[in-house]
Amino acid sequence: MADNFNKLSMKGFLDNLKGRSARLAAGSPTPPPATDTSREIARALHPGVQYATVSSVADLPDGAKAYELVPDKIRGTEAFAFAPAGKYLTVFAEINGMTVTRPYSIASSPADSCRNKYMIAIKPVEGGFVSNYIIDTWKEGTAVKISDPTGNFDYQPLRDAQKVIGIAGGSGITPFLSFANAIADGDEDFELTLLYGSRNEKAELFREELDALAEKTEKFRIVHVYSDDDVPESDGYEKGFVTADLIKKYAPEGEPYSLFICGPQAMYNFVDEEIKKLDLPRKYVRHELFGEPHNASSIRNYPEGDFPATVCITVHIQDKTYSVTGNINDTIMQSIEKSGIAVPARCRSGECGFCHSIVLAGKYWIPENLDFRRLADEPFGGVHPCVTFPLSDIEIDVPAAK
Amino acid sequence: MLKYGVVVIGAGNGGLAAAAVCARAGLKTLLLERHNIPGGSATSFVRGRYEFETSLHELVGDAPDGTPGPVMANMEEMGAKVRWVMEKSTYRLVVPAAENEDGFINEDGVRVKIDARMPAGLKAFARKLDELVPGSYDSCIRAFEIGTTMYDLFNYLETVEKPSLSYIAKNIPGLALIARIGSHTVKEVLDSIGMPPKAQGIFTTYWGYMGVPASKFDFLYYMCMMYYYVANGAAMPKLRSHEMSLAMDRAIRDAGGDIWYNSEVTKVLMKDGKPNAVVINGEKTVYADHFICNGFPNFVYSDLFEKNDIDKKFYSMANARSISCSLTTVYLGLNITREQLGMHDYSIFIAPDEDSDKQYQAALGGFGSGFIVMNCLNTAIPDCTPEGTCQLFLTTLTYGDVMRGVSPRDYRKYKNEVARDMIETCEKALGVSIMPYIEEIEIALPPTFSRYLNTPLGTPYGYMLDMWDSMLPRRFNYEKEQPFDNFLFVGASQERGDGYGSAYYSGMKAAGETIKKIREGK
Ligand SMILES: Cc1cc2nc3c(=O)[nH]c(=O)nc-3n(C[C@H](O)[C@H](O)[C@H](O)COP(=O)(O)OP(=O)(O)OC[C@H]3O[C@@H](n4cnc5c(N)ncnc54)[C@H](O)[C@@H]3O)c2cc1C
Ligand code: FES
């Protein structure tokens, strides 16, 4: 090609300056659009917090209760965010001057969320604080504050096998009820075989709904698993616990399957050992949140040392500084909340990173299986206070609660 | 009453740099961020046993003389300590051959039109280009030479407050050259020095990093970027961008600055025709003499100010400019190693045609353009994932409101379709199998970026650096284009557009101006 470099014009630059000014001046003098489709979708899916009212309460076995929520327009929530199956909501509660949060899986279907309904089911927990408070105090008409639907316990067709074995225990049935409905409604497209462990038939939550869903669609199947010794043998259910053998019995042969597990910590401890025997690739084993850790010194690999029983936690939130006394067996988050100070939280299991804070001074310990921090957090003191235990006096900078 | 010398709104790269410089100069500085962590685009996230880099493909590495490149030097200067990893290669461009097109079978067994694996080093790069397109060596070296002479100009522009054309004319060598190319596009200049079209295609592969194709992008800027990358390769923080952002957070605190996270500025309050306070989360008011804003002008005007607060000419300006591209990214954690996968490069550009303008035209059509950048971080940082695994990061660009017609309910399905198409395009172009090994996947579409960056259409790139709105004219009009003398914008919407370096530069510059105004008692 010919060399025409010297023919490039030199005066273009000044013309450009003028041309640009003229072009900018010619723009519409009205305020620029405040939104676009991307921003609308982001806001519709992630409003941050939502305000709701309890529209009905239903009794479930064993003192558990189901709460149906509808948007509270008066407090500014016109419509609920769409809830894909498997997501949870974080509930904010004010108890004796403390602002606390707890995650609960959404038991209602994605289609329900489009009709502006969410349902969560809560089981009483021995010594439990928030769950029992909700059961005791929430009634029809109670005003509640909740997060948007969040979490990673969802079905991902590009990652998960087409066939899924679900393992549920206790209140861990809730996301599976949502999955089963989503399958029946066409919002999800996979085959789910659910192994649902309970003491006996009477202790099962949503038994009728689940059986009806299994009737309605071939893609959903339920296997009731009863652990009580005095349950008679029968073809209608399995007896005992969810073991590797039981999983194998219901797993497809010669093709991959994913395991989705949701239940109490005690169930994870048992089932995880069983799953190891199956030697599945990690990609095929998905867990819902582990749950909040308690009693640091009883957790595996707690460091050796002479740690004080109580520590002083200095908390900076925006322009405020608080001094809090913390028990060394409580997480930093629990100690701060107990002093009546609200902190940001969603999963309370170390996973979501929403509580990310920066330790400015002091020593701490994080159980290894709950340490989901980013790599750079370690050198810069970044922690997730919901799973971090103090080992000495601590100074920490915490984002504003929201 | 809470009162600061400077309030910085937004802790993206621009805001972090501004706050660091202000705090280090001893100003009472408050940095406000609506999210719970710093960085904006510059962050990372964890899924299972993988930690994904959210945005960084690469930063220009060492300068051609072997001293640390601009971003590394800036961070050092701001007191932010980061461990760097150098990536001594540039990119590979793969253009699969269409059925009726000439092509050859490459080492992956794929029939391609072009497979260009470009080395770092100016001469090595030119030699490789010449090997691929005989007769392109001289024009390539010539282009790099023009690139070299631009340093003086860049240094000058970086150090002065108000650039003067007559100063440049008198003092900067090579002005004639700069004046000659200053108003010309990449394509015009490469044409003028006789670079063959196919070589131009390979030479302009990085256009996607700025979102502007060769026929619209100013040569001067492209050459500066290209020159740095090719001369010495790229740099990456060892622990993802989160490391850079946390290092800045620490530098700001060490210098006595305050940072509040989960603290969104919801309103700017005015006094005597100028901003004098911000309202945070609709609750708390903080006063300040000066403000530096990392929010995007269009949304800042409409969300934070009253209609009469802003001179109409700023509305005109915002409306006249075009919003740059939006990105869509797929993050993949695979349960095989990159060797098992057959991935030997760090950056691979896959394109339906080597011509950047054709790639741009395809991207204007929305998703499915076939233009994808694939990065395998393990090539640069082998231990960035646990043993036996690797991570991939696929990026494509779109322009305009591509989400129109997608309901929140359909959004996830839509996302998965877009991601599936992107993964399959990569599999085909590279002759590899990815799908069966996906252990973790996260997909970010424009709404994801809208959520995290708060920019129009979710763009991380600011206003399009189209020839008419290119860097030099932005630079010469900088002061006139800030809405108040105590309220300066920083970030990708400013002079240099997108990029880590551009955003840091804008922040340091606005901080410099603010410090000067305070010292002069303005
Ligand atoms: C996928 C992807 C890949 C990229 N690859 C590269 C690359 O390889 N190399 C490179 O150099 N660059 C790359 N970039 C571009 C680069 O990341 C961005 O251009 C740059 O970081 C923009 O910085 P910014 O200062 O404009 O801040 P942004 O990242 O836009 O952040 C703005 C911040 O301001 C906050 N904010 C906004 N409004 C408010 C408010 N009212 N109150 C409080 N806070 C507010 C936001 O929450 C956000 O944190 C990439 C970007 C993306 C997304
Ligand atoms: S609340 Fe999710 S990590 Fe702490």
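Residues numbered from 1 in each chain as written. Chains lettered and ligands numbered in written order. Predicted model: local features only at pLDDT ≥ 70, side-chain atom pairs only at ≥ 80, totals over all residues. Heavy atoms only, no water.

Participant: So what exactly am I meant to see when it comes to the side chain of glutamine 156 of chain A here?
Facilitator: Note on placement: glutamine 156 of chain A falls in the loop between β6 (143–147) and β7 (163–169). With a relative accessible area of 10%, glutamine 156 of chain A lands in the buried category. Reaching out from glutamine 156 of chain A, the side chain makes a polar contact with the backbone nitrogen of leucine 158 of chain A at a distance of 2.6 Å. Leave out the neighbours within four places in its chain, and glutamine 156 of chain A touches Asn416, Ile441 and Ile443 of chain B. (Helix = DSSP H or I, 4+ residues; strand = E, 2+ residues; numbered from the N terminus. Buried < 20%, exposed > 50% of the residue type's maximum accessible area, 1.4 Å probe, protein only. Polar contact = N/O pair within 3.5 Å; in protein donor to acceptor, adjacent residues only side chain to side chain. Contact = heavy atoms within 4.5 Å.)

Participant: Which parts of the structure should I look at to understand the pairing of β7 of chain A?
Facilitator: A regular strand places its side chains on the two faces of the sheet in alternate fashion. Residue and element names in this part refer to chain A. Of all seven residues in β7, six are buried, a share of seventy percent or more. Examined bridge by bridge, β7 and strand β8 (residues 191–198) share seven bridges and lie parallel to one another. By the bridge assignment for β8, valine 164 is matched with leucine 192. Assessed by its sense of winding, the connection that carries the chain from β7 through helix α5 (residues 174–185) to β8 is right-handed. In this sheet, strand β11 (residues 258–262) lies alongside β7 in parallel orientation, the contact comprising five bridges. Bridge pairing in β11 places alanine 168 opposite cysteine 262. (Pairing = 2+ DSSP bridges. Right-handed = clockwise from strand over helix to strand, strands pointing away.)

Participant: For this particular structure, what's the right way to read unusual backbone geometry?
Facilitator: Most peptide bonds take the trans configuration, and most residues that are not glycine carry a negative phi. A positive phi is found at phenylalanine 206 of chain A, a non-glycine position, where the angle reads about 60 degrees. Examined against the element boundaries, phenylalanine 206 of chain A turns out to sit in the loop between β8 and α6 (207–216). Using a relative accessible area of 5% as the deciding quantity, one classes phenylalanine 206 of chain A as buried. Within the chain, asparagine 454 of chain B stands out as a residue other than glycine whose phi angle is a positive 65 degrees. Structurally, the position occupied by asparagine 454 of chain B is in the loop between α17 (446–453) and α18 (471–476).

Participant: Help me understand the packing of helix α2 (residues 70–77) of chain B against helix α19 (residues 500–519) of chain B, please; the structure alone is not making it clear to me.
Facilitator: When two helices pack together, their arrangement is given by the angle between their axes and by how far apart the axes lie. All names here are of chain B. In the contact formed by α2 and α19, the axes pass within 10 Å of each other and the chain directions differ by 40 degrees. As far as their axial angle goes, α19 and α2 are oblique. Helix-helix and strand crossings are classified by hand; for α2 and α19 the assignment is left-handed. Of the residues in α19, those in contact with Val71, Asn74, Met75 and Glu77 of α2 are Gly501, Tyr504 and Met508. The residue inventory of the contact of α2 with α19, partitioned by class, reads four nonpolar, two polar and one charged. (Axes fitted to C-alpha atoms, helices over the stretch in contact; angles between N-to-C directions. Parallel < 35°, antiparallel > 145°, perpendicular 65-115°, else oblique. Left-handed = near helix turned anticlockwise from the far one by under 90°. Nonpolar A, V, L, I, M, F, W, Y, C, P; charged D, E, K, R; others polar.)

Participant: Would you take a moment to explain the site of ligand 1 for this structure?
Facilitator: All names here are of chain B. In the vicinity of ligand 1, 33 residues are found, and the nearest of them are Glu33, Ser55, His57, Ala492 and Tyr500. Here a nitrogen atom of ligand 1 and a backbone polar atom of serine 55 are 2.7 Å apart. Within the backbone of alanine 492, a nitrogen or oxygen atom sits 2.8 Å from an oxygen atom of ligand 1. For ligand 1, the accessible surface in isolation is 1000 Å², of which the surrounding protein chains cover 96%. Mapped by element, the contributors of at least two residues to the shell around ligand 1 are α1 (13–24), β15 (326–334), α17 and α19. Of all the elements, α17 adds the most residues to the shell around ligand 1, at three residues. Per-class residue counts for the shell around ligand 1 are twelve nonpolar, 16 polar and five charged. (Near = heavy atom within 4 Å. Areas by Shrake-Rupley, 256 points an atom, 1.4 Å probe, with all protein chains shown as cover.)

Participant: Please clarify how the interface of chain B and chain A should be interpreted in this entry.
Facilitator: Where interface size is given, it is often the accessible area lost as the parts come together that is meant. Taken together, the contact pairs 103 residues of chain B with 78 residues of chain A. In this assembly, chain B packs against chain A so that about 7700 Å² is buried in total across both faces, 58% of it on carbon and sulfur atoms. The interface formed by chain B and chain A includes ten salt bridges. In terms of residues, the side of chain B that touches chain A owes the most to one element, helix α10 (residues 240–254) of chain B, which gives eight residues. (Buried area = accessible area lost by both parts, 1.4 Å probe. Salt bridge = Lys/Arg side-chain N within 4 Å of Asp/Glu carboxyl O.)

Participant: What exactly am I supposed to notice about the pattern of salt bridges here?
Facilitator: A side chain of one charge can pair with a side chain of the opposite charge when the charged atoms of the two come close. Inspection of every chain in the model, using the stated rule, returns 56 salt bridges over all chains. One salt bridge in this structure joins lysine 277 of chain A and glutamate 274 of chain A, with 2.9 Å as the shortest N-O distance. With lysine 277 of chain A and glutamate 274 of chain A both in helix α8 (residues 265–278), this residue pair falls three residues apart, about one helical turn. Two residues, glutamate 101 of chain B and lysine 113 of chain B, come together in a salt bridge whose shortest N-O distance is 3.5 Å. Placement of glutamate 101 of chain B in the loop between β7 (89–96) and β8 (104–105) and of lysine 113 of chain B in strand β9 (residues 111–119) is noted, with a sequence separation of twelve residues between them. The partly exposed category is assigned to glutamate 101 of chain B, whose relative accessible area is 24%. Connected through salt bridges with shared partners, the residues Arg92, Glu107, Asp108, Asp115, Arg117 and Asp345 of chain B form a single ionic network.

The analysis is restricted to geometry; functional conclusions fall outside its scope.
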